[in-house]
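Observations on the model geometry
Below, each chain spelled out in residue letters.
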Amino acid sequence: MTPQEPDNDTIVMKFGGTSMKDAATIAKSAGIATSTAGQSRVVVVVSAMDQVTEQLLELGEAAASDNLAAMRVQSQAIRQKHEQTAAALGGRAPTDIGEVLDRLDRLIAGIAAVGELTPRSNDALVAFGETLSAPMMAAAMSTGSTGSVGSAISTDSATGGRACEWFTGQRVGIVTNDQFGRAEPLMDLTLFQVRHTLEPLLARGERAVVTGFIGATQHGVTTTLGRGGSDYTASILGASLRAREVWIWSDVDGLMTADPRITPQARLLERITFAEAIEMGQFGAKSMHPLALEPAAEMGIPVRFRNTFNTESAGTLIVPEPPGTAADGEHPVRSIPLLKNAAMLNISGAAMVGRPGTAAQVFRALGDASVNVMMISQTVSEAGISLVVSRDHAARAKAVLERALMRTHAAKGVRLVDDVNVVAVVGAGMAGHPGVAARVFNAVAQNNINIMAIAQGSSELSISFVVRASQAADAVRALHAEFVG
């Protein structure tokens, strides 16, 4: 993909689960979309209703284990929730929802009959969350909506009468490989097909609602895009349509200088770069997953985070490079994100020194076990490697490494420290600016916080380090006071 001039009148909006939690909230989100449609062409991407994905996963587990009582309870809860919401929104929603729920029942019956939930059938199952929410949003955005919340859907005369059509990811043209659970779009084909599908509809003055999170293989088999999948869909659609901006609506005003639950002085970031946003996403900030940002970033399309429940706030705008950001030596650090639920593995032994292939053994073993490594630190002596992984995968990672390394005597031991957090300082102004690291470690040392491992990439956009979980909040507060104030 190469950057292109955006269409100045197209906005892609994604509404997350908290913006789709009930009929009134869906109506509010629809009102936001339709009011914008008075000035711009609008495509809406929706997540599943709040908590529905979790309910679908529980339903699948119950079906696969032949737990008929749990199956009935979960199935009825999902059906009731969507039928009541669809009835309140009116329009075609009750009919469309009924048809989708019937397909869900058939799939669950099939899983129960086989007694197995495969990655393929699991993707087909969880995709129903977005497939159920899309027709309800389309109904709420249509002037034909009736029912108890119909009055909450406000459209001005400029948008009245416009049709609104909903699409699954497959129907809109998102084509992926068959890596179920975290499918990768075939990007060139996807961008072409999405534009071919949506551009004529938008040119006619109509609006579109698209299911987030969902794609399909070239053979039409449903897939899901993994973590941040609905954001990824919005970014893909924005790139395909050369949108002016992509708006991500949620229940927060935007990206913050730190977690306000840890640092009450945390402030909203009005503008940041894609590079900074990617670093923040890696470290667990309430941001888009880095992969989800990629299509918009490559096309140079700004992404804006906004709050469905505070529309007065302009939110956070992510752009290729805001003027002055990278050169801002006075304020080089923009954010101090914190990664919780982490564990550190320390691999040590004199046998590692000068022995080619040890690191390859480590990462091959973890990769084969589907353990993601989030941070790496190695001593220059080569006698030690420290890895940070999710705490949920720590025990498995330790066992895998012991089997792989002890058998070949490539290392002496693997020690697990499972009560750690990763603190990061992120900012484009850090690149080439001397003294930032000294300020970081001085601020931490003055608060008697011990650093267990350190990592910095060649981009110099972030410094991350491992501390005990009990000291992580103090580290974040100390760094926020030092760099943000």
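Above: the structure in question.
A few points on the structure. (Residues numbered from 1 in each chain as written. Predicted model: local features only at pLDDT ≥ 70, side-chain atom pairs only at ≥ 80, totals over all residues. Heavy atoms only, no water.)

Another point: the sheet that holds strand 8 (residues 271-273). Taken together, 8 strands build an open sheet; the order of strands is 3-4-2-1-7-9-10-8 and the sheet is mixed. Either end of the sheet is taken by a strand with one partner, and the two such strands are strand 3 (164-167) and strand 8. Across the sheet, the axes of successive neighbouring strands diverge by a mean angle of 20°, strand direction being ignored. Where strand 8 and strand 10 (residues 316-319) come together, 3 bridges link them in parallel fashion. Bridged to threonine 273 within strand 10 is valine 319. On top of the sheet, helix 6 (residues 128-141) reaches strand 1 (10-15), strand 2 (41-46), strand 3 and strand 4 (207-211); it is set at about 165° to strand 4, its chief contact. Against the sheet, helix 9 (residues 229-241) makes contact with strand 1, strand 2, strand 4 and strand 7 (245-250), and its axis sits at roughly 175° relative to strand 1, the strand it touches most. (Pairing = 2+ DSSP bridges. Helix = DSSP H or I, 4+ residues; strand = E, 2+ residues; numbered from the N terminus. Axes fitted to C-alpha atoms, helices over the stretch in contact; angles between N-to-C directions. Contact = heavy atoms within 4.5 Å.)

For the rest of this paragraph, the subject is the pairing of strand 16 (residues 462-468). In terms of burial, strand 16 is a largely internal element, 6 of the 7 residues being buried. Examined bridge by bridge, strand 14 (residues 413-426) and strand 16 share 7 bridges and lie antiparallel to one another. Directly across from valine 422, in strand 16, lies its bridge partner valine 466. Looking at chain direction, strand 15 (residues 453-456) and strand 16 are connected through 4 bridges and run antiparallel. Bridge pairing in strand 16 links alanine 455 to serine 464. (Buried < 20%, exposed > 50% of the residue type's maximum accessible area, 1.4 Å probe, protein only.)

Here 6 strands make up an open sheet; going across it, the order is 12-13-11-14-16-15 and the pairing antiparallel. The open sheet has two edge strands, strand 12 (373-378) and strand 15, and neither has a second partner. Put simply, the sheet's adjacent strands are angled 30° from each other on average, direction ignored. Both strand 11 (residues 338-348) and strand 14 contribute to a ladder of 8 bridges, which runs antiparallel. Paired with methionine 344 across the strands is valine 417, a residue of strand 14. Across the sheet, helix 14 (residues 436-445) is in contact with strand 14, strand 15 and strand 16; its angle to strand 16 comes to roughly 20°. Most of the contacts of helix 15 (residues 469-483) go to strand 14, to which it runs at about 20°, and overall it touches strand 11, strand 14 and strand 16.

A few words on the packing of aromatic side chains. All told, the structure shown has 3 aromatic pairs when counted by the stated rule. Between phenylalanine 441 and phenylalanine 465, the aromatic rings sit 6.3 Å apart at their centres with planes inclined by 65°, giving edge-to-face as the arrangement. Taken together, the residues span a long stretch of sequence, with phenylalanine 441 in helix 14 and phenylalanine 465 in strand 16 at a distance of 24 residues. Note on phenylalanine 441: relative accessible area 26%, which makes it partly exposed. The class of phenylalanine 465 is buried, set by a relative accessible area of 0%. Through a chain of ring-to-ring contacts, the aromatic side chains of Phe15, Trp247 and Trp249 assemble into a single cluster. Note that arginine 306 overlies the ring of tryptophan 247, its terminal NZ or CZ placed 5.1 Å from the centroid. (Phe/Tyr/Trp six-rings, centres within 6.5 Å; stacked < 30°, edge-to-face > 60°. Lys NZ or Arg CZ within 6 Å of the ring centre and 35° of its normal.)

This paragraph deals with the nonpolar core. In this structure, Phe15, Val44, Met137 and Val209 are the most contacted members of the largest nonpolar core, which totals 47 residues. Looking at which element gives the most residues to this core, the answer is helix 6, with 9 residues. With near-sequence residues (within four places) excluded, valine 44 lies in contact with Met13, Phe15, Ala33, Met137, Met141, Ala208, Val209 and Val210. Formed by 42 residues, the second largest nonpolar core is a distinct cluster that contains Val43, Val45, Ala243 and Val246. (Core = buried A, V, L, I, M, F, W, Y, C linked by side-chain atoms within 4.5 Å.)

Although it is not a glycine, glutamine 51 adopts a positive phi angle of roughly 75°. The topology assignment puts glutamine 51 in the loop between strand 2 and helix 2 (52-64). In this structure glutamine 51 comes out as partly exposed when scored by relative accessible area, which is 45%. Phi is positive for aspartate 66, which is not a glycine, with a value near 60°. Inspection of the secondary structure puts aspartate 66 in the loop between helix 2 and helix 3 (68-89). Judged by relative accessible area, aspartate 66 falls into the exposed class, the value being 52%.

No statement about biological role is implied by the geometric values presented.
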